[in-house]
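# An overview of the molecular structure
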Amino acid sequence: MVWDPAVRLLHWSLAALVLFDLFYDDGGWPHRVTGYVAAGVVVARLLWAALAGGAAGLAALKLSPTRTVAYLRDGAPRTRGHDPIGLWMVWLLWALVLLLGLTGWISRLDAFWGDDRIRDIHAWLAQALLIAVAVHLTGVAVMGRRWRENLVAAMLSGRKRPLDRRD
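Now for a quick tour of the structure.

How each quantity is defined
- Residues numbered from 1 in each chain as written.
- Predicted model: local features only at pLDDT ≥ 70, side-chain atom pairs only at ≥ 80, totals over all residues.
- Heavy atoms only, no water.
- Helix = DSSP H or I, 4+ residues; strand = E, 2+ residues; numbered from the N terminus.
- Buried < 20%, exposed > 50% of the residue type's maximum accessible area, 1.4 Å probe, protein only.
- Areas by Shrake-Rupley, 256 points an atom, 1.4 Å probe, with all protein chains shown as cover.
- Lys, Arg positive; Asp, Glu negative; His and termini not counted.
- Charge placed at Lys NZ, Arg CZ, Asp CG, Glu CD.
- Salt bridge = Lys/Arg side-chain N within 4 Å of Asp/Glu carboxyl O.
- 1 Å grid on protein atoms, 1.4 Å probe; cavity = no way out; pocket = protein on both sides within 12 Å on 5 of 7 lines; lining within 4 Å.
- Points joined across faces, edges and corners; volume = space filled by probe spheres on them.

Turning our attention to the overall build of the protein. Secondary structure summary: the protein contains six helices and zero strands in total. Summarising its shape, the C-alpha atoms of the protein cover approximately 60 × 30 × 25 Å along the three principal directions. Taken over 167 residues, the protein has a buried fraction of 37%. As displayed, the protein has an accessible area near 10400 Å², and 68% of this comes from carbon and sulfur atoms. Mean positive and mean negative side-chain charge positions of the protein (19 and 13 charges, respectively) differ by 13 Å.

Laid out in structure tokens, this is it:
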């Protein structure tokens, strides 16, 4: 067991919310509420990381350029939880969702009403999120094939096969 139920629930909830908002992007009430809930899911995941241990905890989510370079130098071996490159993607996705929630909220404030710069930033962040999601899904597919492991099933069940000497 690698991913606990809270991690899996928050992961798939965020995926569904982002998918909804990327296709239902008229800026209306459902889009705004979905975006705020998505930002709330990221905050909940960060709070869970502060409380949990193992692969869900903050220690496991720590970014390290040194570890990332070493990981790539070693040929990107299979890992128990997120690999160093996956961690960069996790933080990028979370940051984009939080920034989208913030810019969406700011765009509704009287002080910024009619200011196209906020909407432009929001649109740029949405495009960046779409690209990051595509890269994330590609990485999951490529690394799953390379490691001969169904990473989608692992995020559904919480289980990954144990590391062995080849890993």
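What follows continues from the structure just given.
Between side chains of opposite charge, a pair can form as their charged atoms come close. Evaluation of the coordinates by the stated rule reveals two salt bridges. Linking Arg117 and Asp115 is a salt bridge whose minimum nitrogen-to-oxygen distance equals 2.8 Å. Relative accessible area serves as the criterion here: at 60%, Arg117 is assigned to the exposed category.

Turning our attention to the layout of surface pockets. Empty space within the largest pocket amounts to approximately 1100 Å³. Lining of the largest pocket is provided by 41 residues; of these, His11, Met89, Leu93, His136 and Val140 occupy positions nearest its centre. The biggest single contributor to the lining of the largest pocket is helix H5 (residues 116-147), with ten residues. Reported here for the second largest pocket is a volume of approximately 610 Å³. What lines the second largest pocket is a set of 27 residues, among which Asp25, His31, Leu100, His122 and Ala126 lie closest to the centre. Those elements that place two or more of their residues in the lining of the second largest pocket are helix H1 (5-23), helix H2 (29-51), helix H4 (84-106) and H5. Top element by residues in the lining of the second largest pocket is H5. It accounts for seven residues.

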